[in-house]
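One-letter residues, chain by chain:
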Amino acid sequence: MLDMSPANMALVLVVLNKNRPRTELALMLSRVYRVEALIDFDDAWLAMDREVPAIVLTDLETADVYGANHIVHKHKHEKLCNVPFVIMGNEPAGNCTPQFEANGDFYLQRPVSSSDLLNCLNTNMNRAIEKRWENLPPLQSTALRETVQQFQAISRAIETGEPLDMAENRKSCESLLETVTSKQYRSILDNIQGHHNYTYVHSVRVATFLSVFGDAIGIKGDDLMTLTTGGLLHDVGKMATPPDILNKNGKLNEQEWGVMINHVTHSKTVLKRTPEITRGITIIAQQHHEKLDGSGYPLGLKGAQLNDLARMSTIVDIFGALTDERSYKPAMEPERAFEILEEMGAKLDQPLVRVFRDILSS
Ligand SMILES: [Fe+2]
Ligand SMILES: [Fe+2]
């Protein structure tokens, strides 16, 4: 059975010498991350000795950048030198940005809005994670680098209303598929957890599981590529879903749920702009929330209206979501996820659930 035990949630160290901003920022960030708030770098280095944080948030004054300059201290530590620091300050960004960016850190000029700060922390934590992928064997490293670049390109295409670049998309899917057909995909699943672009992580995991499923039951060539591409693109519409709904810890209210399920319609709009999108890819994107008993969405299709492609993608999408690590929950153990799939009874194609379970257990 795959080892997908929960990794720790990202730890953000907030090191600020002023009480009120420290408390307010720690409270705001604790909705999304595990946060430790400290008054100075004497305490911060002790904390970093206990556990290496994903990122450090500080300011020019607390880090004493023009005096003792505590930030240079991290470069003396093998474990800490790749931890990005985000440094806030009142000085113009033009004066400060170059010196910090040269060391892999980031400067934010005050005033800083909550959304800018969250974006900045996510982007810098992701950069640090993506840098670690460079140490993986070339096959896995290439697949991760190409798929993350592909998601950045998809995000730009959605913003500008342009079609997706399917030649580039095919390249990244071929790399991912190669890790599957050569049975070297497990480190993709391990190393991608922890990246903070949830839709990217979920999509690569669904693409990998769908490819593993297809490869094991004898699907080949263009049909196998359809599974990989469909998995990678199945939730593109979620890139237009507001992050506070996408990352909400708890049940969505009726209005939020309406916005959430609309991602299927958004996906349809995005994919329709791209002529090379095949019928198989469309089925995966449009039908992965449909259920055999008609209780799914958006159309409430049932039974024979759902072919194997739709049935497989529904199973894999639910399994992927349960075993994804999120900011508010650890990854569920695969055994428990399969119990839930079985408890769903007639909603899913249970013989296919058993086949998928046997494949991942072998
Ligand atoms: Fe979805
Ligand atoms: Fe999904």
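Scroll up for the structure.
Residues numbered from 1 in each chain as written. Chains lettered and ligands numbered in written order. Predicted model: local features only at pLDDT ≥ 70, side-chain atom pairs only at ≥ 80, totals over all residues. Heavy atoms only, no water.

Visitor: Residues and numbers for the overall build of the protein, please.
Guide: In terms of regular secondary structure, the protein is built from 16 helices and 5 strands. The C-alpha atoms of the protein give a radius of gyration of 22 Å, which matches the 21 Å a tight globule of 362 residues would have. Over its C-alpha atoms, taken along the principal directions, the protein stretches across nearly 70 × 45 × 40 Å. Burial analysis of the protein (362 residues in total) assigns 49% to the buried set. Within the protein, residue pairs in contact and separated by at least 24 positions form 65% of the contacts whose partners lie at least 6 positions apart. Of the accessible surface of the protein, which amounts to about 16900 Å², a share of 51% is contributed by carbon and sulfur atoms. Computed over 37 positive and 47 negative side-chain charges, the separation of the two mean positions in the protein equals 4 Å. (Helix = DSSP H or I, 4+ residues; strand = E, 2+ residues; numbered from the N terminus. Rg over C-alpha atoms; globule rule 2.2 N^0.38 Å. Buried < 20%, exposed > 50% of the residue type's maximum accessible area, 1.4 Å probe, protein only. Contact = heavy atoms within 4.5 Å. Areas by Shrake-Rupley, 256 points an atom, 1.4 Å probe, with all protein chains shown as cover. Lys, Arg positive; Asp, Glu negative; His and termini not counted. Charge placed at Lys NZ, Arg CZ, Asp CG, Glu CD.)

Visitor: How would you sum up the coordination of the iron ion (ligand 1)? Please name residues and give values.
Guide: Looking at the iron ion (ligand 1), the protein donor atoms are D235 (OD), H263 (NE2), H288 (NE2) and H289 (NE2), and they sit 2.1 to 2.2 Å from it. What the 4 donor atoms of the iron ion (ligand 1) show is an angle range of 84 to 172° at the metal, which sorts the shape as irregular. Along the chain, the residues donating to the iron ion (ligand 1) are arranged with the sequence spacing D-x27-H-x24-H-H. A gap of 3.5 Å separates the iron ion (ligand 1) and the iron ion (ligand 2), which D235 links by coordinating each metal. (Donors = N, O, S within 2.8 Å, 3.2 Å for Na, K, Ca; no water. Tetrahedral: all angles 85-135°; square planar, octahedral: opposite > 155°, others 65-115°.)

Visitor: Help me get a handle on the sheet that holds strand β1 (residues 11–15), residues and values and all.
Guide: Spatially, 5 strands are ordered β2-β1-β3-β4-β5 in an open sheet, and the strand pairing comes out parallel. Each end of this open sheet is capped by a strand with a single partner; those strands are β2 (34–38) and β5 (106–109). On average, each strand axis in the sheet is tilted by 20° relative to the strand beside it, whichever way the strands run. Taken strand by strand, helix α3 (residues 93–101) contacts β4 (85–89) and β5, and its axis lies near 165° from that of β5. (Pairing = 2+ DSSP bridges. Axes fitted to C-alpha atoms, helices over the stretch in contact; angles between N-to-C directions.)

Visitor: Would you mind going over the coordination of the iron ion (ligand 2) in detail, with residue names and values included?
Guide: Coordination angles at a metal have ideal targets, namely 109.5 degrees for four tetrahedral donors and 90 or 180 degrees for six octahedral donors. Within the protein, H202 (NE2), H234 (NE2), D235 (OD) and D317 (OD) serve as the donor atoms for the iron ion (ligand 2), at 2.0 to 2.3 Å. Coordination at the iron ion (ligand 2) is irregular, judged from the 4 donor atoms that bind it and the angles of 84 to 171° they form at the metal. The sequence pattern describing where the donors of the iron ion (ligand 2) fall on their chain is H-x31-H-D-x81-D.

Visitor: A description of the pattern of salt bridges should follow, citing residues and the corresponding values.
Guide: A full pass over the atoms with the stated rule returns 18 salt bridges. Between E174 and R170 there is a salt bridge whose closest N-O contact spans 3.2 Å. A residue pair is termed a helical-turn pair when its members lie 3 or 4 positions apart in one helix, as E174 and R170 do in helix α6 (residues 166–181) at 4 residues. The class for E174 is partly exposed, based on a relative accessible area of 38%. (Salt bridge = Lys/Arg side-chain N within 4 Å of Asp/Glu carboxyl O.)

Visitor: I'd like a rundown of α6, residues and numbers included.
Guide: Counted at 1.5 Å a residue, the expected span for α6 with its 16 residues is 22 Å, and the 21 Å between its end C-alpha atoms agrees. Buried residues of α6: M166, N169, S172, C173, S175, L176, L177, T179 and V180, and no others. Buried residues along α6 sit in contact with α5 (138–160), α7 (186–192), α8 (198–216), α9 (221–233) and α13 (279–287). Measuring from the backbone nitrogen of A167 back to the side-chain oxygen at the start of α6 gives 3.2 Å, which picks out D165 as the cap. Phi turns positive, to about 55°, at K183, one or two residues after α6. (Expected span 1.5 Å × (residues − 1). Polar contact = N/O pair within 3.5 Å; in protein donor to acceptor, adjacent residues only side chain to side chain.)

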